[in-house]
Amino acid sequence: MNYINDGSDDKLYEVHRDWGRRFMRLFPQYTSWENIKDPERPLVIGYVSPDYFTHSVSYFIEAPLIYHDYANYKVVVYSAVVKADAKTSRFRDRVLKHGGAWRDIYGIDEKKVASMVRDDKIDILVELTGHTANNKLGMMACRPAPVQVTWIGYPNTTGLPTIDYRISDALADPVDTVQKHVEELVRLPNSFLCYTPSPEAGPVAPTPALSNGFVTFGSFNNLAKITPKVLQVWARILSAVPNSRLIVKCKPFCCDSVRQQFLTTLEKLGLESLRVDLLPLILLNHDHMQAYSLMDISLDTFPYAGTTTTCESLYMGVPCVTMGGSVHAHNVGVSLLKTVGLNNLVATNEDEYVDLAVKLASDVTALSNLRMRLRNLMSKSPLCDGSKFIRGLESAYRKMWRRYCKDDVPSLKQMELAQVPPQQQQVVPEEIAVRITEPKKVISTFAAPIKANGFYLGQCSSAKTSNAEENGALLNQSRNSGKLS
């Protein structure tokens with residue numbers, strides 16, 4: 001539903017809200033904690049995610065794990081990783097080296113995980129998954145920590161009344177946004193994301209147009225984001241730039257029928273298939289990152305913008321044209337580009353989007369100069385400044401905690417609105433060990449079928465998309481993750 005939501009009404013919010021109220025009733029909630037209400041004492045921050053491996057979310061969680069002031073913000077990681085990799089080990093080693101704690105929770109009942117959180121005396125519990133695979137929303141529904149937060153992994157409200165805050169920024173979620181959230185929005189000073197580039201990225205390659213003699217536009221975004229409307233606009237761009245080409249890479253293109261459907265759609269829009277190159281998943285992360293050497297200009301998707309792919313594109317020197325909209329999922333590209341200082345590549349409507357792309361393609365020399373300085377520009381921006389980012393994040397955590405110490409708890413208000421009688425909010429019995437499978441159903445509830453965007457993937461089992469895989473690593477998770485892309 002996020003893939004096709006135009007933000008014109010509250011239907012998507014209502015679906016999340018109603019789900020959250022139903023889902024919460026499957027779990028008894030903790031109602032009291034032993035955490036000392038001292039507004040200025042050192043805090044214990046818990047981060048829960050299944051994505052502490054080579055995955056799109058991992059590029060944004062690395063900075064907190066590294067740069068937190070562990071003396072005042074001790075980190076406890078709850079890892080639901082299905083199969084760890086080298087990145088998992090690196091994360092674990094860094095957390096333990098700084099005096100934090102690492103808990104492997106994959107396969108453990110969510111109520112038991114909630115009990116672990118209480119035993120660890122977590123002050124602020126941050127979930128990084130939302131409505132995507134292997135989430136721990138059941139554990140969050142138990143309300144095991146006095147302050148609960150959602151961040152990074154999902155571009156919308158969780159709908160859970162037991163979560164107090166959702167971390168964002170003033171570009172992704174302007175102060176006058178009409179989008180509704182069950183959680184209270186907390187806006188960080190710059191972008192709500194901090195990107196740590198892959199050490200396997202390799203060097204920035206020269207602008208291919210210099211040797212090709214033509215401009216190549218491209219996108220490595222999830223196929224579900226490339227709607228017929230997106231293709232229509234991209235066709236306008238290629239029609240306006242003589243001899244230009246389009247390169248699109250995503251896992252479903254390993255399936256011939258999907259490739260043919262995609263090309264047929266473009267041909268109906270007036271774009272010759274001979275001008276389009278389709279690439280399947282590239283297994284090794286280094287090779288995936290070097291594939292950006294094939295394009296001159298990256299075209300962001302809309303209304304659901306890219307995230308990790310946008311960061312990768314910029315880091316590899318490829319400028320990205322994006323278009324803002326009315327809700328968070330539309331504005332992630334706006335947040336990323338403006339944080340880097342590329343305000344001139346942000347459009348507000350389709351015509352502007354086309355004009356920006358065409359203008360960028362009209363001066364290959366300027367395009368080449370931008371490419372050669374873009375990585376440095378990005379690296380020195382707040383988007384990649386981990387220490388500065390953490391100061392803003394820790395300040396936000398401190399404000400949340402001070403509010404809790406004054407008995408100002410947003411989730412209590414939401415739980416009242418959900419009309420859950422206090423007598424039904426009981427402490428989770430430690431001995432209960434009932435396997436909760438409901439979170440798995442969430443994925444099918446909110447993930448838009450590829451059919452909605454014109455490309456039916458059901459005939460090709462190998463074409464099931466994973467944004468984690470879209471971002472270039474040979475990953476070892478077995479389920480479709482639906483994460484950032």
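A brief look at the structure comes next. (Residues numbered from 1 in each chain as written. Predicted model: local features only at pLDDT ≥ 70, side-chain atom pairs only at ≥ 80, totals over all residues. Heavy atoms only, no water.)

## As for the pairing of strand 2 (residues 73-79)
Rule in force here: Relative accessibility thresholds used throughout: buried, under 20% of the residue-type maximum; exposed, over 50%; partly exposed, between the two (1.4 Å probe, protein chains only). A run of DSSP states H or I qualifies as a helix once it reaches four residues; a run of E qualifies as a strand once it reaches two. Both are numbered from the N-terminal end. Pairing between strands is defined by DSSP: at least two bridges between them are needed. Crossovers are marked right-handed if the path from the first strand over the helix to the second runs clockwise, as seen with the strands pointing away from the viewer.
Counting buried residues in strand 2 gives 6 out of 7 residues, a clear majority hidden from the surface. Direction of pairing for strand 1 (residues 43-49) relative to strand 2: parallel, over a ladder of 7 bridges. If you follow Ile-45 over to strand 2, its bridge partner there is Val-75. After leaving strand 1, the chain enters helix 2 (residues 58-67) and then returns to the sheet as strand 2, a path that is right-handed. On the question of chirality, the crossover connecting strand 2 to the parallel strand 3 (residues 101-104) by way of helix 3 (residues 86-97) is right-handed.

## Details of helix 8 (residues 256-268)
Convention followed: Working rule for helices: expected span equals 1.5 Å times residues minus one. Directions from the helix axis toward the C-beta atoms define the arc.
For helix 8, spanning 13 residues, the distance from its first C-alpha to its last is 18 Å, which sits close to the expected 18 Å at 1.5 Å a residue. Turning to helix 8, its buried residues are Val-258, Phe-262, Leu-263 and Leu-266. Looking straight down helix 8, one finds its buried side chains confined to an arc of 130 degrees; they lie on one side. Of the exposed residues in helix 8, the ones pointing more than 90 degrees away from its buried face are Asp-256 and Lys-268.

## As for the nonpolar core
The cut-off we apply is this: By nonpolar core we mean a set of buried residues, namely Ala, Val, Leu, Ile, Met, Phe, Trp, Tyr and Cys, connected to one another through side-chain atoms within 4.5 Å. It only takes one pair of heavy atoms within 4.5 Å for two residues to be counted as in contact.
Counting 138 residues, the largest nonpolar core has Tyr-47, Trp-151, Phe-217 and Tyr-397 as the members making the most contacts within it. The element best represented in this core is helix 14 (residues 386-405), accounting for 9 residues. Apart from the residues lying within four places of it in its own chain, the contact partners of Trp-151 are Tyr-47, Ile-61, Pro-64, Val-126, Glu-127, Leu-128, Thr-129, Ile-167, Phe-192, Phe-389, Leu-393 and Tyr-397.

## Details of the sheet that holds strand 10 (residues 276-279)
The strands making up a sheet associate through backbone hydrogen bonding, with each pair oriented either parallel or antiparallel. Heads up, the condition is: Between N-to-C directions, angles cover 0 to 180 degrees, with each direction set by a line fitted to C-alpha atoms, over the stretch in contact for helices.
Spatial ordering of the open sheet is given by 10-9-8-11-12-13, a layout of 6 strands whose pairing is parallel. The outermost strands of the open sheet, each flanked by one partner alone, are strand 10 and strand 13 (346-347). Contacting strand 8 (216-219), strand 9 (245-249) and strand 11 (297-299), helix 7 (residues 228-240) crosses the sheet at an angle of about 145 degrees to strand 9. Helix 12 (residues 350-361) rests against strand 8, strand 11, strand 12 (320-323) and strand 13 of the sheet, and its axis sits at about 170 degrees to strand 12.

Function cannot be inferred from these measures alone, as they are strictly geometric.
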